[in-house]
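Each chain, letter by letter, is given below.
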Amino acid sequence: MSFSTRFLSFFREIFVYHHKSLEFRAKVFASMIASNKKDDNIEYEILRKIAKEIYKDEHRINVLVETTKEYVEKIINVKSLNIDSLIIDINKEIRLNPRFIRKINIRHLKSFLVEKNHTNEDTNLLQRRIIEYFKNEMKYSRQK
């Protein structure tokens, strides 16, 4: 990781345009990646491809990946956060900023399911439940 990426990632609240939106996306992706309970490069390769679809700016792509890694690290290794509390936090952010629901792309989330040989059945089930939760949130927000 380059110095500029580290700098932007660390000070994203100050230097990254629409950092709350980027942070929200990082939380959503972290919920999928951390459900695997392995801090693995395959998921980050998938995330990088998705980030390139979302953003054109290489710095923003890198900050999204690094921010997601931070959340995954907190869940898997540091254990200062768990998936349930992360989902609750995502839910609160959606309630406070209903426009964030448009930042969730089910197709992007499903790309983490492709690696069936890479995950076990429990992980796959948890990831599917997370996707279903986000689908329901999207459906609920449209009904308002």
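All values reported here derive from a predicted model rather than from experimental measurement.

Caption draft 1: Spatial organisation of the pattern of salt bridges. According to the stated counting rule, one finds 7 salt bridges in the structure shown. Between Glu93 and Lys27 there is a salt bridge; the shortest N-O distance is 2.3 Å. Here Glu93 is found in helix α6 (residues 83-96), whereas its partner Lys27 is found in helix α3 (residues 19-34), with 66 residues between them in sequence. According to the relative accessible area criterion, Glu93 is buried, its value standing at 15%. Through salt bridges with shared partners, a single ionic network connects Lys27, Asp89 and Glu93.

Caption draft 2: Seen up close, helix α4 (residues 41-54). Given a rise of 1.5 Å per residue, 14 residues ought to cover 20 Å, and the 20 Å separating the end C-alpha atoms of α4 matches this to within 8%. All buried positions along α4 are accounted for by Glu43, Tyr44, Ile46, Leu47, Ile50 and Ala51. Along the axis of α4, the buried residues cluster in a sector spanning 155°; they form a single face. In α4, the exposed positions that point more than 90 degrees away from the buried face belong to Asn41 and Lys49.

Rules used throughout
Residues numbered from 1 in each chain as written. Predicted model: local features only at pLDDT ≥ 70, side-chain atom pairs only at ≥ 80, totals over all residues. Heavy atoms only, no water. Salt bridge = Lys/Arg side-chain N within 4 Å of Asp/Glu carboxyl O. Helix = DSSP H or I, 4+ residues; strand = E, 2+ residues; numbered from the N terminus. Buried < 20%, exposed > 50% of the residue type's maximum accessible area, 1.4 Å probe, protein only. Expected span 1.5 Å × (residues − 1). Arc of directions from axis to C-beta.

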